[in-house]
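Overview (structure and organization)
Residue strings, one per chain:
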Amino acid sequence: MNLHPFLVAIEVGGTLAFAMSGLIEATRKRMDIVGVFSVAFVSAFGGGTLRDILLDRRPLFWIENQEYLWLVLAMVATTPLWLQTLRHKVGGRLMELADALGLGLFAISGATLADAAGMPALVSMMMGVVTAVFGGVSRDVLCNEVPKVYSDHRPYAMCALFGCGVFLALNTTGLPLPITTLAGIAAATGSRLLALVFDVRLPAWPAHRD
Amino acid sequence: MNLHPFLVAIEVGGTLAFAMSGLIEATRKRMDIVGVFSVAFVSAFGGGTLRDILLDRRPLFWIENQEYLWLVLAMVATTPLWLQTLRHKVGGRLMELADALGLGLFAISGATLADAAGMPALVSMMMGVVTAVFGGVSRDVLCNEVPKVYSDHRPYAMCALFGCGVFLALNTTGLPLPITTLAGIAAATGSRLLALVFDVRLPAWPAHRD
Amino acid sequence: MNLHPFLVAIEVGGTLAFAMSGLIEATRKRMDIVGVFSVAFVSAFGGGTLRDILLDRRPLFWIENQEYLWLVLAMVATTPLWLQTLRHKVGGRLMELADALGLGLFAISGATLADAAGMPALVSMMMGVVTAVFGGVSRDVLCNEVPKVYSDHRPYAMCALFGCGVFLALNTTGLPLPITTLAGIAAATGSRLLALVFDVRLPAWPAHRD
């Protein structure tokens, strides 16, 4: 079974959804064209870049696969032509779906690369989560906000962690990698979508009184 | 003289104190469970990670010594059970002591590794300070605050710098490394504790009028 | 033609101008002496450091050329003696000029190093822009502001991009490197100065309504 075209399709959708989230935040902050492009790039490539730096992988994934740079460039440049469409309910739902797919794919890509580099399971799970969420964290830091993934009380990083756990657990059973990869992505993306559908909230952390 | 068990004890205390500072800031910002864990991790491991990246050391220290990850995980997970205790004056003092020990140990660890990599003295001192303070800087950036270490007018980075200076100066005298290491940690931690006891303030920088 | 002394003179001026911008922001935020030194260092060396990390170049440029660390240290330490002078109109203009020269030099240095490492043109241009602007972005993040380069609607990163484009385009013509280097710096610095003189604004990004 050749998963490649399928994974590429998910990666394209996820990268575009992440870049779009940066574009939207940057325009909300009334940034200029430089800010909009920069924040879109950081949102799309920040997580994978930090993963590659922590694991000391070179060339960075967006240098090895330059076409993703061009893809995000083209998307941002053409936004004014089609952004209205995204306002519609269908557009919003589509973006949530693409973002959830990106979450799953990037999480499993981080866990896979860390695992292949011989990292212990705890580190591989952390690399998965970092790959999935650090783009969004950087986006919010550049926009001078507390990172949404840390404070919106919605399962997001948790879904990435869950997917990585499923992936690593299945890997120990000797199942072929394409199967465990798909199962991990499905677990992360699926749990994210369920959380959205059922409006799940993370329990509040016991408050610290000053 | 085998310093190892002694240094490990300090490192455990320092790591926990740094993680705790992240946990407290994150709860103050009403972050959810993901934010609390993330900010605690970044506070505890941010300084050493930046040091390792700048010096190009792999595997990163928290990958090589995975037990620190588990330690911080366990501490954060069990916080609700014992956080009340820290509210007492004794608990607060204990945390200040552990934080000062962490400051000393991380500063000297940064200077030692830079020195061993053949860096000039100025760079080794900077690496010591970066190792000691960057976790706290990242914590404050993620919490959307101006870094406390830059703006609270209390000696902290200065104490790290002083300890590194003592350590590097003594190294040139030919004293054995365990002695100079202890002296450096004592200088950093001691000056920090004295600054707390005597409520020392950094002189204000000549104001810039607009 | 030996460009070296000429490029060093520009690099000294640019580094000082970048450090000065950090010093001014930090004092505006009423940081203490540690904050002022730290933000000045990050503003001066942040861009080149990120470039070196992304390209995996070690030792970092400010470790290889330690004299720049001493230069910035000396400048910050002596600021109170001469800061008044900068308040005058001539001083402000001088700083804008030095900053524009730094912009040009750092942009071309980033593009040159990426090009020499075999990067494709798009990546080399991005490395040029990152080298020129990331110090300022870090400065603003540490000062808890939205990065000015993303939101002040003035051409700055654009000028860096333009200079890198001129440099890389001329390189394909077979002109000697000293000529293309000078032309690239002149294009970036010149376009920045023209934008200042003619008060050019970047077009607003089509607004996103919530």
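Once a new chain begins, its residue numbering starts again from 1 and follows that chain's sequence as written. In the order they appear in the text, chains get letters beginning with A and ligands get numbers beginning with 1. In keeping with the predicted nature of the model, local features appear solely for residues at pLDDT of at least 70, side-chain atom pairs appear and are counted solely at 80 or more, and the whole-chain, interface and lining totals rest on all residues. Side-chain descriptors were evaluated using all non-hydrogen atoms of the structure, hydrogens and water having been removed beforehand.

The name recorded for chain A in an unreviewed UniProt entry is Glycine transporter domain-containing protein, from Thauera phenylacetica B4P. Under the Sequence similarities (unreviewed entry) heading, UniProt states for chain A: "Belongs to the UPF0126 family." UniProt positions are given in the numbering used here, feature names are shortened, and annotations may be inferred rather than shown by experiment. A UniProt comment under Subcellular location (unreviewed entry) is attached to chain A, and it reads "Cell membrane".

1. Examining the UniProt feature "domain: Glycine transporter" (unreviewed entry) in chain A
All names here are of chain A. Per the UniProt record, the feature "domain: Glycine transporter" (unreviewed entry) sits at residues 10-79 and 97-170. Strands here mean DSSP runs of E at least two residues long; helices mean DSSP runs of H or I at least four residues long; both are numbered from the N terminus. Spanning residues 10-79, this segment combines 84% helix with 0% strand, and its end C-alpha atoms are found 20 Å apart. This span, residues 97-170, is 81% helix and 0% strand, and a straight line between its end C-alpha atoms measures 25 Å.

2. Examining the UniProt feature "transmembrane region" (unreviewed entry) in chain A
All names here are of chain A. The sites that carry the UniProt feature "transmembrane region" (unreviewed entry) are, in the present numbering, residues 6-24, 31-48, 120-142 and 154-173. Its end C-alpha atoms 32 Å apart, residues 120-142 is made of 96% helix and 0% strand. Across residues 154-173, the secondary structure splits into 75% helix and 0% strand, with the terminal C-alpha atoms separated by 31 Å.

3. Notes on the interface of chain A and chain B
The accessible area lost on association of the parts is a frequent measure of interface size. Contacts between chain A and chain B engage 31 residues on the former and 36 residues on the latter. Both sides of the chain A and chain B interface together cover about 2,800 Å² of buried area, and 69% of this is carbon and sulfur. Any Lys or Arg side-chain nitrogen found within 4 Å of a carboxyl oxygen on Asp or Glu counts as a salt bridge. Seen at the junction of chain A and chain B, the total is one salt bridge. As a salt-bridge pair, D56 of chain A and R58 of chain B come within 3.8 Å of each other at their nearest N and O atoms. Should any heavy atoms of two residues lie within 4.5 Å, those residues are counted as being in contact. Buried area counts how much accessible surface, traced with a 1.4 Å probe, disappears from two parts once they are put together, with both parts' losses summed.

4. Concerning the relation of the copies chain B and chain C
These two copies of the chain differ by a rotation about an axis and a displacement along the same axis. The least-squares superposition of copies is restricted to C-alpha atoms, and to residues with a pLDDT of at least 70 in both copies. Overlay of chain B on chain C (RMSD 0.0 Å): rotation 120°, translation along the axis 0.0 Å. Given the turn and translation reported, the copies of this chain are related as if by a three-fold rotation axis. Using C-alpha coordinates, one finds that chain B approaches the rotation axis most closely at N144 of chain B, a distance of 3.8 Å. Here only 13% of the interface residues in chain B have copies in chain C that are interface residues too; the copies meet through unlike faces.

5. A closer look at the pattern of salt bridges
A complete count under the given rule lists 30 salt bridges over all chains for this structure. The partner of E25 of chain B in a salt bridge is R28 of chain B, and the shortest N-O contact between them spans 2.9 Å. Residue E25 of chain B and its partner R28 of chain B are both found in helix α1 (residues 4-28); the two are separated by three residues, about one turn of the helix. Measuring nitrogen to oxygen at the nearest pair gives 2.9 Å for the salt bridge that ties E145 of chain C to K29 of chain C. Of this pair, E145 of chain C sits in the loop between α6 (121-142) and α7 (148-151) while K29 of chain C sits in the loop between α1 (4-28) and α2 (33-54), placing them 116 residues apart in sequence. Overall, the relative accessible area of 28% leaves K29 of chain C in the partly exposed class. Three labels apply to residues, based on accessible area from a 1.4 Å probe with only protein chains included: buried if under 20% of the type maximum, exposed if over 50%, partly exposed otherwise in between.

6. Observations concerning the packing of aromatic side chains
Residue and element names in this part refer to chain C. The criterion for an aromatic pair is that two Phe, Tyr or Trp rings (for Trp, the six-membered ring) have centres within 6.5 Å, with stacked assigned to planes under 30 degrees apart, edge-to-face to planes over 60 apart and tilted to the rest. Applying the stated rule across the entire model yields nine aromatic pairs over all chains. The interplanar angle of 55° and the centroid separation of 5.1 Å between the aromatic rings of F18 and F106 together place this pair among those described as tilted. Linking F18 in helix α1 with F106 in helix α5 (residues 89-116), this pair joins segments that are 88 residues apart in sequence. You can call F18 buried: its relative accessible area is 7%.

7. Notes on the relation of the copies chain A and chain B
With an RMSD of 0.0 Å, chain A superimposes on chain B once it is rotated by 120° and translated 0.0 Å along the axis. Of the interface residues in chain A, just 13% have counterparts in chain B that sit at the interface too, so the contact is made through distinct surfaces.

8. Concerning the side chain of R139 of chain A
Inspection of the secondary structure assignment puts R139 of chain A in helix α6 (residues 121-142). Filtering out sequence-adjacent residues up to four positions away, R139 of chain A remains in contact with S21, G22, E25, V39, V42, S43 and K148 of chain A.

9. Let's talk about the packing of helix α8 (residues 157-171) of chain A against helix α9 (residues 177-197) of chain A
Describing two packed helices takes the angle between their axes plus the distance from one axis to the other. Residues and elements named next belong to chain A. At their nearest, the axes of α8 and α9 sit 8 Å apart, and the two run at 155° to each other. The orientation of α8 relative to α9 falls into the category roughly antiparallel. Considering the relative orientation of α8 and α9, their crossing is right-handed. Side by side, α8 and α9 meet where C159, A160, F162, G163, V166, F167, L170 and N171 of the first sit next to L177, T180, T181, A183, G184, A187, A188, S191 and R192 of the second. Polar here means any residue other than Ala, Val, Leu, Ile, Met, Phe, Trp, Tyr, Cys and Pro, which are nonpolar, and Asp, Glu, Lys and Arg, which are charged; Gly is therefore polar. For the contact of α8 with α9, a count of residues per class yields ten nonpolar, six polar and one charged. All axes are obtained by fitting lines to C-alpha atoms, using only the stretch in contact for helices, and the reported angles, taken between N-to-C directions, cover 0 to 180 degrees. Each angle gets one of four labels, with under 35 degrees taken as roughly parallel, over 145 as roughly antiparallel, 65 to 115 as roughly perpendicular, and the rest as oblique. Left-handed describes a crossing in which the near helix is turned anticlockwise from the far one by less than a right angle; the clockwise case is right-handed.

10. With respect to the interface of chain B and chain C
Between chain B and chain C, the contact holds 31 residues from the first and 37 residues from the second. Buried area between chain B and chain C, both sides added, is near 2,800 Å², and the carbon and sulfur share of it is 69%. For the pair chain B and chain C, the interface holds one salt bridge. The term polar contact refers here to a pair of N or O atoms within 3.5 Å; inside protein, the definition further demands a hydrogen-donor-capable atom paired with an acceptor-capable atom, and it admits residues adjacent in sequence only when both atoms are side-chain atoms. In this structure, the connection of chain B to chain C is made through six residue pairs in polar contact (both at pLDDT 80 or more). The dominant element in the side of chain B that touches chain C, judged by the number of residues it contributes, is helix α6 (residues 121-142) of chain B, at six residues. In the side of chain B that touches chain C, the residues fall into 21 nonpolar, four polar and six charged.

11. Remarks on a nonpolar patch on the surface
Like charges are joined within 9 Å and nonpolar side chains (Val, Leu, Ile, Met, Phe, Trp, Tyr) within 5 Å, but only among residues with over 30% relative accessible area and no salt bridge; these make up the patches. Accessible surface area values rest on a Shrake-Rupley calculation with a 1.4 Å probe, where residue burial reflects the displayed protein chains alone. Residues L194, V197, F198 and V200 of chain A make up a contiguous nonpolar surface patch of about 420 Å² in total accessible area. Mapped onto the secondary structure, L194 of chain A falls in helix α9.

12. Considerations on the environment of T27 of chain A
All names here are of chain A. Along the chain, T27 falls in helix α1 (residues 4-28). For T27, a relative accessible area of 5% corresponds to the buried category. Along the sequence, T27 and R154 sit 127 residues apart, while their C-alpha atoms lie 23 Å from each other.

13. Topic: the environment of V141 of chain A
The residue V141 of chain A is located in helix α6 in this model. Counting along the chain gives 30 residues from V141 of chain A to N171 of chain A, while the straight-line C-alpha distance between them is 35 Å. V141 of chain A has contacts with P147 of chain A, V141 and L142 of chain B together with V141 of chain C, leaving out every residue within four places of it along the chain.

14. Description of unusual backbone geometry
Residue and element names in this part refer to chain B. Between R58 and the following residue, P59, the backbone shows a cis peptide bond with an omega angle of -5°. The topology assignment puts P59 in the loop between α2 (33-54) and α3 (61-64). Phi at H153 takes a positive value of approximately 60°, unusual for a residue other than glycine. Of note in the backbone geometry, D199 takes a positive phi value of approximately 55° without being a glycine. Note that D199 resides in the segment after α9 (177-197).

15. Points about the packing of α1 of chain B against α2 of chain B
All names here are of chain B. Look at α1 against α2: their axes get within 7 Å of each other, and the N-to-C directions meet at 140°. When you trace α1 past α2, the crossing you get is right-handed. For the pair α1 and α2, contact is made by T15, F18, A19, S21, G22, L23, A26 and T27 and by G35, V36, V39, A40, S43, A44 and F45, respectively. Split by residue class, the contact of α1 with α2 holds nine nonpolar, six polar and no charged.

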